[in-house]
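Read off the chains here:
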Amino acid sequence: MRGLMRRIESVAAAEGARRVVRVAVRLGALSHFSPEHFREHFVQAAAGTIARDAKVDISVSRDTRDPTAQDVVLEDIEIET
Ligand SMILES: [Zn+2]
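**Q** I'd like a description of the pairing of strand E1 (residues 19-27), backed by residues and values.
**A** Where a strand is regular, its side chains alternate between the two sheet faces. Direction of pairing for E1 relative to strand E3 (residues 72-80): antiparallel, over a ladder of 8 bridges. Of the residues in E3, the one forming a bridge with Arg26 is Val73. The pairing of E1 with strand E2 (residues 55-60) spans 6 bridges and is parallel. Residue pairing across strands places Ala24 opposite Asp57, the latter belonging to E2. Crossover handedness for the path E1 to helix H2 (residues 35-46) to E2: right-handed.

Have a look at this one:
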């Protein structure tokens, strides 16, 4: 979660964002997150950051053999400058 927030914040900073509007993530089949559970953690982790009001779109992979199956992959990020 911390790594994900760091990536979101570094992309936002690199693009001169005032805020992050939306992020899209994919939950790996072995990531141990349900969408609801991930959303709770995201809200906590994003509090006080540039992504605090971001909409979160979550997709879930069922492919346990995907090399990123244990990860939460940042697929897209939409910012406002
Ligand atoms: Zn938890």
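**Q** Residues and numbers for the environment of Thr49, please.
**A** By the element assignment, Thr49 lies in the loop between H2 and E2. Under the C-beta neighbour-count criterion, Thr49 is labelled partly exposed, with 15 such atoms within 10 Å. Distance in space between the C-alpha atoms of Thr49 and Val20 is 9.2 Å, their sequence separation being 29 residues. For Thr49, the contacting residues outside a window of four places in its chain are Met5 and Glu9.

**Q** Tell me about unusual backbone geometry, residues and numbers included.
**A** Even without being glycine, His32 reaches a positive phi, approximately 65°. By the element assignment, His32 lies in the loop between E1 and H2.

Quick notes on the rules
Residues numbered from 1 in each chain as written. Predicted model: local features only at pLDDT ≥ 70, side-chain atom pairs only at ≥ 80, totals over all residues. Pairing = 2+ DSSP bridges. Helix = DSSP H or I, 4+ residues; strand = E, 2+ residues; numbered from the N terminus. Right-handed = clockwise from strand over helix to strand, strands pointing away. Buried ≥ 20, exposed ≤ 12 C-beta atoms within 10 Å, placed from the backbone. Contact = placed C-beta atoms within 7 Å.

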